[in-house]
Amino acid sequence: MFDDLLFVLHDRGGMAIVEVRELGKRYGPRVAVDSVSFEVAEGEIFGILGPNGAGKTTTVECVAGLRKPDRGSVSVLGRAPGDVRSAIGVQLQASELPERIRVGEALSLFSSFYPSPADWSSRLGLSGHLKAEFGQLSGGLKQRLSIALALIGSPRVAILDELTTGLDPQARRDTWSVIEEVRSAGVTILLVTHFMEEAERLCDRVAVFRDGRIAALDTPSGLVSRVDGATRVRFVPSASLDVALLQALPEVTEVSSVGSQLVVSGSENLLHAVTSLLARKQIVARQLRVDQVSLDDAYVELTGGSRAEDH
Amino acid sequence: MRKIIEVEARLFVRDRLNSVFALVFPAVLLLGLGAVPALRTPDPQFGGLRFIDSYLSSIVVFTLVFIGLQRLPTVVATYREKGVLRRLSTTPMHPARLLIGQLVVNFGAAILSVLLTIVVAYVVFGVDLPHHPLGLACAVVLGGAGTFALGLVIAALAPTARAAGGWATVVFMLLMFFGGVYLPRFMLPSVIQTIGSYSPPGVEALQQAWLGTAPDWRHLAVMGLVSLVAGAVAARTFRWD
């Protein structure tokens, strides 16, 4: 029984619970996913980011066993996804329930499909709505029901496709704490999202998709540090300062001036290097501001900028 | 599977307009027509029967085509369009079970409705109980199966739920016409009457089993054939998303 389970140790120590190798999928002439490979370790929250049409949904649909890859392989718990459906919980984009089904009926119907159902309805704030019909639920409640149904089979892996799209900021934050709770229950999560804040807050690692490929795969902070000039320091020097001295610092990648203001871009330790130099020259930095590139900026650069081609 | 049937049955009942139409309307129609004295007086024009006797099979036709073509294809196509079937295919339960649940519930409703019509006809108007109960059961089951299978073909081939509703309504109207629902059959030309005998759900077999001696096996065989062919086409062409 166990010898056909493929155990692969992940480089971060955990076991790879999801393995995608050289995945390719096309719809007619259009290539949706082209040679995508990644592994997700057990207990990880793995984010999938990217613009519309980048192949995110197709990829997770292959992992969920909803679509057959044209090329490559997908395994979940070492098996084909179709063989381990009860171990995978899925929350799909644009997938509804019958209009007139009640929340309680949907929960009991879906729990009848699984050997050991779990009830997340009270933690998701659905207890007060069990008699409500699906068609009358607000967007937020539909989404919460959809999450409850994804988790109802006590899955080992949960695939959540754009779970907070359409939620208001408060509901989004509430959903995030639910996701953290789900993870601490030991569930591995594949999270497709549009929101950088969400990825930054929840994900251990993020794959940025672009044109059907993975443009970058790293921790959120790792992605940020890939961007050149990730830190930017602006100030007005109290006395004139030789720009060449700044440019000579190894941490500095670029210096420009806007009026009397100097803008220095460079790596993470930029601020320390610049202020040390100023101290040595006994120059005071007035109106000092430090900007850190956010995951947002990194994302735009990775998915839109021409530099993304190099990665 | 029991859970699916239970939930589908609740949804059927909750859909008031459809469930009332499917279950109660045929019997109410019979009561309404029977309230007119001329229609419950035997007349040579009706082959020596009363109008309501000759119209019974058309009422059963209405029940079967209403459920099979007004409800079934729309619900199934909506399930696909809204991603309900797709959602189910991520669970260990195959979405085909949901369609089976639909068929069971709709078939059950059709049989209940026909039984109600038989009871009302017998109790209120003294119509004979079906002369050939087994024949009537066969005619209802095979005729219903043929009609439902046509409904499923429409659900399979229509691109959207709206289109499914539209196409099904056209077929619904035609089958009601051939089945003598709009105009009683004795007023229809004999060509139309013959078409009605062979088009689902097979009004002639229903009438013969109820008030004649026995249904014509050829009529029943055609209904069986329609069910098989249309059922196979629906199964072949059905899209889950």
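Note that the structure is a prediction, hence the values are computed from the model and not measured. (Residues numbered from 1 in each chain as written. Chains lettered and ligands numbered in written order. Predicted model: local features only at pLDDT ≥ 70, side-chain atom pairs only at ≥ 80, totals over all residues.)

A. View of the overall build of chain B. Helix and strand counts for chain B come out as 11 helices and 0 strands. Its helices and strands in sequence order give chain B the pattern α-α-α-α-α-α-α-α-α-α-α, from N to C terminus. By its C-alpha atoms, chain B is 60 × 35 × 30 Å across when sized along the principal axes. By the burial criterion, 48% of the 241 residues in chain B qualify as buried. Pairs at least 24 residues apart make up 75% of the contacts formed inside chain B by residues separated by at least 6 positions. (Helix = DSSP H or I, 4+ residues; strand = E, 2+ residues; numbered from the N terminus. Buried ≥ 20, exposed ≤ 12 C-beta atoms within 10 Å, placed from the backbone. Contact = placed C-beta atoms within 7 Å.)

B. Molecular detail of helix α1 (residues 2-14) of chain B. Residues and elements named next belong to chain B. Here α1 contains 13 residues, and its C-alpha end-to-end distance of 18 Å stays within 8% of the 18 Å for a straight helix at 1.5 Å per residue. Restricting attention to buried positions, one finds in α1 the residues Ile4, Val7, Glu8, Leu11 and Phe12. For α1, the arc enclosing every buried residue in end-on projection is 145 degrees, short of the 170-degree limit, so these residues lie on one face. (Expected span 1.5 Å × (residues − 1). Arc of directions from axis to C-beta.)

C. Structural context of the sheet that holds strand β1 (residues 16-27) of chain A. Residue and element names in this part refer to chain A. The 3 strands are arranged β2-β1-β4 in an open sheet whose pairing can be described as antiparallel. If you trace the sheet from one side to the other, it starts and ends with β2 (30-41) and β4 (71-76), each paired once. Pairwise comparison of adjacent strand axes, ignoring direction, gives a mean angle of 15 degrees for this sheet. As paired strands, β1 and β4 are joined by 5 bridges and run antiparallel to one another. Each bridged residue has a counterpart across the sheet, and for valine 18 the counterpart in β4 is valine 76. (Pairing = 2+ DSSP bridges. Axes fitted to C-alpha atoms, helices over the stretch in contact; angles between N-to-C directions.)

D. Spotlight on the interface of chain B and chain A. The interface is formed by 17 residues belonging to chain B together with 20 residues belonging to chain A. The dominant element in the side of chain B that touches chain A, judged by the number of residues it contributes, is α1 of chain B, at 6 residues. When its residues are assigned to classes, the side of chain B that touches chain A shows 6 nonpolar, 4 polar and 7 charged. (Nonpolar A, V, L, I, M, F, W, Y, C, P; charged D, E, K, R; others polar.)

E. The pairing of strand β12 (residues 261-266) of chain A, seen in detail. All names here are of chain A. In this structure, strand β10 (residues 231-237) lies alongside β12, joined through 5 bridges in antiparallel fashion. Residue phenylalanine 235 lies in a different strand from β12, and its bridge partner there is leucine 262. With 6 bridges joining them, strand β11 (residues 252-258) and β12 adopt antiparallel strand pairing. For serine 257, the partnering residue across the bridge sits in β12 and is leucine 262.

F. Here's a closer look at the nonpolar core. Val63, Ala148, Ile159, Ile189, Leu190, Leu191 and Val208 of chain A are the most contacted members of the largest nonpolar core, which totals 145 residues. The biggest single contributor to this core is helix α4 (residues 51-81) of chain B, with 17 residues. For leucine 191 of chain A, the residues in contact, after removing those within four places along its chain, are Ile45, Phe46, Gly47, Ile48, Leu160, Leu202 and Cys203 of chain A. Counting 8 residues, the second largest nonpolar core, distinct from the first, contains Val233, Val252, Leu270 and Leu278 of chain A. (Core = buried A, V, L, I, M, F, W, Y, C linked by C-beta atoms within 7 Å.)

G. Highlighting the packing of helix α2 (residues 103-111) of chain A against α1 of chain B. One can describe the packing of α2 of chain A onto α1 of chain B by two numbers: an axis separation of 9 Å at closest approach and a directional angle of 160 degrees. It follows that α2 of chain A is roughly antiparallel to α1 of chain B by the angle criterion. Considering only the axes of α2 of chain A and α1 of chain B, their crossing is left-handed. Within the contact between the two elements, α2 of chain A uses Glu105, Ser108 and Leu109 of chain A and α1 of chain B uses Lys3, Ile4, Val7 and Arg10 of chain B. When grouped by side-chain class, the residues that make up the contact of α2 of chain A with α1 of chain B number 3 nonpolar, 1 polar and 3 charged. (Parallel < 35°, antiparallel > 145°, perpendicular 65-115°, else oblique. Left-handed = near helix turned anticlockwise from the far one by under 90°.)

H. Helix α7 (residues 133-157) of chain B, seen in detail. Taking 1.5 Å of rise per residue, 25 residues should cover 36 Å, and α7 of chain B covers 36 Å from first to last C-alpha, within 8% of that figure. Summarising burial for α7 of chain B: 19 of the 25 residues are buried, a large majority.

I. How the structure looks around the domain arrangement of chain A. Partitioning chain A into domains gives domain 1 (2-224) and domain 2 (228-292). Between domain 1 of chain A and domain 2 of chain A, the C-alpha centre-to-centre distance is 44 Å. (Domains from an automatic or database assignment.)

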